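Okay, here's what each chain looks like letter by letter:
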Number of protein chains: 2
Amino acid sequence: MTAPTDRPTLDQVAERAGVGRGTVSRVINGSPQVSAHTRQAVEAAVAELGYVPNLAARALVTRRTDAVALVISESEERVFSEPFFAGVVRGISAGVSAAGRQLVLALAAGEERPLERYLTPQHIDGVLLVSLHGDDPLPELLRTRGLPVVLGGRPPSGYGGAYVDVDNIGGARAGVAHLIDNGRKRIATISGPRDMGAGQDRLAGYRAALTAAGLADDPALVVEGDFSEVSGLQAMRSLLACHPDLDAVFAANDLMAIGALRALRDAGRRVPEDVAVVGFDDSPLSRVTDPPLSTVRQPVEEMGREMAEMLLRLISGVDGDTHQSAVLPTELVVRASS
Amino acid sequence: MTAPTDRPTLDQVAERAGVGRGTVSRVINGSPQVSAHTRQAVEAAVAELGYVPNLAARALVTRRTDAVALVISESEERVFSEPFFAGVVRGISAGVSAAGRQLVLALAAGEERPLERYLTPQHIDGVLLVSLHGDDPLPELLRTRGLPVVLGGRPPSGYGGAYVDVDNIGGARAGVAHLIDNGRKRIATISGPRDMGAGQDRLAGYRAALTAAGLADDPALVVEGDFSEVSGLQAMRSLLACHPDLDAVFAANDLMAIGALRALRDAGRRVPEDVAVVGFDDSPLSRVTDPPLSTVRQPVEEMGREMAEMLLRLISGVDGDTHQSAVLPTELVVRASS
DNA sequence: TTGAAAGCGCTAACAC
DNA sequence: GTGTTAGCGCTTTCAA
C-alpha cells in the first residue's frame, strides 16, 4: 500500500534511469528516436517506480485530452426504456476503450447549457451524438468549434458531418414485404416521429415495399406515433376504428407494436390470424409478448463500435473526409405474430 | 464562429478587467476575498470573452479532476439486458452532473487491467462501482489508493466501505408474503447467484417470509439461477419435475420469472390458477408478459442518485465517515400472475 | 484586497 | 540519440 498521493513523476523516472526527462518522455510516447539500450533502462525504471503519466499535465501541453464525450440528447424516459441506447452505449464503450481513451457520458435531458460549456476542444477530443431530434443545432455548433463529431442515426438532410446509421429503409421494406408475401393486402403502419431520421426512413421503407408490390399506398393507413407504447395503442385504435378491414400493421418500433398488440387484443382481433404485426428494434420485449413479435433487428452494438471508430479516425485525422458515413444492415426476425 | 483553438486564458481576462491573474482566479472560484467592484469587472470580462477555465491546467495544480468514474463490472450481456443498470446510470448521471462534475463511464467486462491504471487519484476524484461479484478486490484496491469509493449493492460482509443498496430482503419478503396471503402453501424460489448480495438477500427475504408464516423452509424448493431467462426456465423445469405439487414460485428477478412463466406454460400449468409467480425488478418486461408479472419494484434511479451524492460527500470530506450506507425501500407491484 | 511569482508534470523545440 | 529549456493555464502562497 503506497502512500496515496505522491506518485512518481517523470523526473524521478529520469533520475532513476540516469537519463534526461525528455528521453523518458520519448520512451513513454513510443518515439523511435531512442536507442534500444536507453529504452530498456527507462522501461525498467518505469516498472520499478510504477510510474503512470499524469494526464492533466499531458493534456495541458498537447491540448488533447484523450477523452471523447457521448451525448444522448433524449428525454429522460426514452433513453433507457429503449434497449437501443443500451446496445449503442456498449458498442461505443468497447470502441473507445479499445483505443485507450476514456468515455465521458452526458445525458442531456433538455437543459444543454452546462453541457455546452464543457464540449470544447480543451476538454474533449471529439463528440458522439445519439438520438438527435429535428434540427438540433448542437452538432453544427460543435463542428464550428473545431470538434470532430459523429452522429448516431441519419441526420436531417443538409447536415454535412459524419454519421453512422442502420438500414432503416431496408429493414422496414423487408418487414412489410414479408407481410405481403404472406398474402396481406391492407397493411397499415404506425410510423415514428417525423422529426427523426429513423421515423422518416422506416416510413419510406414501408412505402417502398407497397409500391414494389404494386399495392396502393393509402395515406389513411399511416398514423404517426412517438415510439412510445401508448402512442402505439392509440394509433392502433384509431386505425381499427377507421379501417376495420386492415389485415396487417407495421409498427416503426417494438414498443408501439406492443401497444398495437394490446389494442388488437382489446378489440378482439386475433394475431396473426386476423391481423399480422411486425415491429422494429428486436428489443427483448419482442420475445415475451403474446404472441412473440416479428421484428427487424438492427445491429446496435456494431453501430456504437463503428461510431467510436469513425470518431477516432476523424480525431487522428487519418482521413480528412469529415462527412463520411456508414449504414449497417438490418435483418427481419420472423416470429409468431406475422 | 470563433477560431476553434485559441480560447481566452486567465491572463487575457485579467488584462481585460484590468486586474491581476490571481484576482481573476479568485473570482472564478468564488473566493469571498474579493471586493464587489472588482468582482463585477472580472465577471464582465469573463462574459465578454466567453472565458471557460481550462480543466487540465486546473487539475494539474489542484490535483483534483472534478471527474468521477462509474465502473460496471458485469458481463457484456447483462449490463444492458437488465434495465436495472439503465436506471442506475441515469440516476448517477443526474447526481453527478448536478454537482457540475463529469462522469467517466467504464464498462469493465472482465479485463480490468487497463482500467486499473486509470483509476488513480490523479485521474479521478472518486469511483462508483456497480454490480460487484463475489469478493472482487477492486474496491479495496481503490481505497488503499486513497480514492473515495461507493458501491451499488450490498458488498460481501467484511468490506468496510460505503455503499447504497435497495431493500432486497424486505422486497422479497413482501413478495412471498403476498403469495402466502393468497393461500399458497408450497412456494418455491429461483434464487439469484450466491456470490452477489442481491442474490443472497432476496433468498433471505424468501426464507424470512416463510418462517414468519410458520411454513417450512424446504431446501429442495430452492434452485439457484444466474439472473438470466434461460436459467429461470431450467430452474422451473427441474422444480416442476421434482415438486409437481408446488403452487407458487418467487423468482429473484424478472428475467428468471419470465423463464419460469415459459416453463410453466410448456408444462401446461396455468398462471396464476395452478401456480402463482412473483418476480423482482419491475422491469418493463414484466408488463408485457402473459399474464403480466407481479414483481417487486426497486427505486433504481434513486439508488444511482444516492450513490452519486454519497460519493460527492466523501470527496468533499464533509463527513469523515467512509463506511456509511443507505438502503432504499422496495415495493410490491401486484399484477395478474399472483 | 490585490499583484507578483512560483511551480503543478509534462511535451516539444532546440542544441549538442 | 540525448539533455536542456521554455512554456501549456492555472492556483496559491507571499508580500504589499
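Conventions used here
- Residue positions within a chain follow its written sequence, with the count starting from 1.
- Working convention: letters from A go to chains and numbers from 1 go to ligands, in the order in which they are written.
- It should be noted that, the model being predicted, local features are given only for residues of pLDDT at least 70 and side-chain atom pairs only at 80 or more, the latter also being counted only at that level, while totals for whole chains, interfaces and linings use all residues.
- Only heavy atoms go into the side-chain values, all of them from the structure, while hydrogens and water stay out.
- For this purpose, a residue is taken to be near a molecule or strand whenever a single non-hydrogen atom of the residue falls within 4 Å of it.
- We define a polar contact as two N or O atoms separated by no more than 3.5 Å, with the added condition that, inside protein, one atom must be a possible hydrogen donor and the other a possible acceptor, whereas residues neighbouring each other in sequence contribute only through side-chain atom pairs.
- Secondary structure counts use DSSP, requiring at least four H or I residues in a row for a helix and at least two E residues in a row for a strand, with both numbered from the N terminus.
- In this classification, Asp, Glu, Lys and Arg are treated as charged, Ala, Val, Leu, Ile, Met, Phe, Trp, Tyr, Cys and Pro as nonpolar, and every other residue, Gly included, as polar.
- In this text, buried Ala, Val, Leu, Ile, Met, Phe, Trp, Tyr and Cys residues form a nonpolar core when linked through side-chain atoms within 4.5 Å.
- Exposure is judged per residue with a 1.4 Å probe applied to protein chains only, and the accessible area is read against the type maximum: over 50% gives exposed, under 20% gives buried, and values in between give partly exposed.
- Every residue pair with non-hydrogen atoms within 4.5 Å of one another is taken to be in contact.
- By convention in these notes, a salt bridge is any Lys or Arg side-chain nitrogen within 4 Å of a carboxyl oxygen on Asp or Glu.
- Between any two strands, pairing holds if DSSP finds at least two bridges.
- Only the stretch in contact is used when a helix axis is fitted, and all axes are lines through C-alpha atoms; the angle between N-to-C directions ranges over 0 to 180 degrees.

Named according to an unreviewed UniProt entry, chain A is DNA-binding LacI/PurR family transcriptional regulator originating from Petropleomorpha daqingensis.

Caption draft 1: Local environment of the protein's contact with DNA strand C. Around DNA strand C there are 27 residues in total, and Leu-10 and Tyr-51 of chain A together with Thr-23, Thr-38 and Arg-63 of chain B lie nearest to it. Atoms of DNA strand C within 4 Å of the protein: sugar and phosphate make up 65%, bases the balance. Contact between DNA strand C and Leu-10 of chain A: a phosphate oxygen at 2.4 Å from a main-chain N or O atom of the residue. In the environment of DNA strand C, a base nitrogen lies 3.2 Å from a nitrogen or oxygen atom belonging to the side chain of Arg-21 of chain A. When residues in the surface near DNA strand C are grouped by element, the largest group, 5 residues, is from helix α4 (residues 55–62) of chain A. Among the residues making up the surface near DNA strand C, the classes are represented as 10 nonpolar, 11 polar and 6 charged.

Caption draft 2: Looking closely at the protein's contact with DNA strand D. In the vicinity of DNA strand D lie 28 residues, with Thr-23, Arg-26 and Thr-38 of chain A together with Leu-10 and Tyr-51 of chain B positioned nearest. Here a phosphate oxygen of DNA strand D and a side-chain polar atom of Thr-23 of chain A are 2.4 Å apart. In this structure, a phosphate oxygen belonging to DNA strand D sits 2.8 Å away from a side-chain N or O atom of Arg-58 of chain B. Among the secondary structure elements, those contributing two or more residues to the surface near DNA strand D are α2 (21–28) and α4 of chain A together with α2 (21–28) and α4 (55–62) of chain B. Residue composition of the surface near DNA strand D, by class: 9 nonpolar, 13 polar and 6 charged.

Caption draft 3: Examining the nonpolar core more closely. Core analysis: the biggest nonpolar cluster contains 56 residues, and Leu-70, Val-150 and Met-307 of chain A together with Leu-70, Val-150 and Met-307 of chain B have the highest contact counts within it. The element that contributes the greatest number of residues to this core is helix α14 (residues 300–316) of chain B, accounting for 9 residues. Discounting residues that sit within four places of it in the chain, Met-307 of chain B has contacts with Val-88, Ile-92, Leu-128, Leu-129, Val-130, Val-150, Leu-151, Gly-152 and Val-164 of chain B. The next biggest cluster of nonpolar side chains, apart from the first, holds 50 residues, and it includes Val-222, Ala-248, Val-271 and Val-296 of chain A.

Caption draft 4: Structural view of unusual backbone geometry. Residue and element names in this part refer to chain A. The amide bond that connects Asp-290 to the next residue, Pro-291, takes the cis arrangement and shows omega of -5°. The topology assignment puts Pro-291 in the loop between α13 (285–288) and β10 (295–297). Although it is not a glycine, Arg-63 sits at a positive phi angle of roughly 65°. Secondary-structure assignment places Arg-63 in the loop between α4 and β1 (67–72).

Caption draft 5: Expanded view of the pattern of salt bridges. Applying the stated criterion across every chain yields a total of 42 salt bridges over all chains. Put simply, Arg-90 of chain A and Glu-301 of chain A hold a salt bridge, and the shortest N to O gap is 2.6 Å. Placement of the pair is Arg-90 of chain A in helix α6 (residues 83–98) and Glu-301 of chain A in helix α14 (residues 300–316), with a sequence separation of 211 residues. Looking at Arg-90 of chain A, the relative accessible area reads 17%, which means it is buried. Measuring nitrogen to oxygen at the nearest pair gives 3.0 Å for the salt bridge that ties Arg-186 of chain B to Asp-245 of chain B. Here Arg-186 of chain B, found in the loop between α9 (168–181) and β6 (187–191), pairs with Asp-245 of chain B, found in the loop between α11 (229–242) and β8 (248–251); they are 59 residues apart in sequence, far enough to count as distant. In this structure Arg-186 of chain B comes out as partly exposed when scored by relative accessible area, which is 25%.

Caption draft 6: Quick peek at the sheet that holds strand β4 (residues 149–152) of chain A. If you trace the 12 strands from one edge of the open sheet to the other, you get β11(A)-β5(A)-β4(A)-β3(A)-β1(A)-β2(A)-β2(B)-β1(B)-β3(B)-β4(B)-β5(B)-β11(B), paired in mixed fashion. Only two strands of the sheet have a single neighbouring strand rather than two, namely β11 (325–328) of chain A together with β11 (325–328) of chain B. Geometrically, the sheet is characterised by an average inter-axis angle of 20° between neighbouring strands, direction not taken into account. Here strand β4 (residues 149–152) of chain B runs beside strand β5 (residues 162–166) of chain B; their pairing, made up of 3 bridges, is parallel. Within β5 of chain B, the position partnered with Val-150 of chain B by the bridge is Ala-162 of chain B.

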